[in-house]
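# Understanding the architecture of this molecule
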Amino acid sequence: MRRHSSRLVKKEFPQVRKKLWKEYFWSRSFCLLTTGGAPMEVIKKYIESQGMK
């Protein structure tokens, strides 16, 4: 399913290809995050600011 859905997204939105790393759309890795009890607004601002530096 993944391969088919990513192909459709890339076909419908060709600008997505510019953001991909080596044509990979999905990752087999995972990420586990903890917030240490930070309020959601702080977490949201942190995520939104990523990549702006």
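Residues numbered from 1 in each chain as written. Predicted model: local features only at pLDDT ≥ 70, side-chain atom pairs only at ≥ 80, totals over all residues. Heavy atoms only, no water.

Here we come to the overall build of the chain. Counting its regular elements, the chain contains 2 helices and 0 strands. Computed over the C-alpha atoms, the radius of gyration of the chain is 15 Å, more than 25% above the 10 Å expected from 2.2 N^0.38 for a compact globule of 53 residues. Out of the 53 residues in the chain, the part that is buried amounts to 8%. In the structure as shown, the chain presents an accessible area of about 5,800 Å², 60% of it carried by carbon and sulfur atoms. Across the chain, 13 positive and 4 negative side-chain charges occur, with their mean positions spaced 10 Å apart. (Helix = DSSP H or I, 4+ residues; strand = E, 2+ residues; numbered from the N terminus. Rg over C-alpha atoms; globule rule 2.2 N^0.38 Å. Buried < 20%, exposed > 50% of the residue type's maximum accessible area, 1.4 Å probe, protein only. Areas by Shrake-Rupley, 256 points an atom, 1.4 Å probe, with all protein chains shown as cover. Lys, Arg positive; Asp, Glu negative; His and termini not counted. Charge placed at Lys NZ, Arg CZ, Asp CG, Glu CD.)

Further remarks concern the side chain of serine 6. Inspection of the secondary structure puts serine 6 in helix H1 (residues 2-12). When sequence neighbours within four positions are dropped, the list of residues in contact with serine 6 reads Phe25 and Trp26. (Contact = heavy atoms within 4.5 Å.)

Bringing the environment of serine 6 into the picture now. Judged by its relative accessible area of 8%, serine 6 falls in the buried class. With 19 residues separating them along the chain, serine 6 and phenylalanine 25 place their C-alpha atoms 6.3 Å apart.

For the rest of this paragraph, the subject is the side chain of lysine 10. Inspection of the secondary structure puts lysine 10 in helix H1. Contacts of lysine 10, omitting those with residues within four sequence positions, involve Arg17, Leu20, Glu23 and Phe25.

The subject of this paragraph is the environment of serine 49. Relative to the assigned elements, serine 49 resides in helix H2 (residues 40-49). The spacing of serine 49 and cysteine 31 is 18 residues in sequence and 19 Å in space, taken between C-alpha atoms.

Remember that the coordinates give geometry; whether it matters functionally is a separate question.
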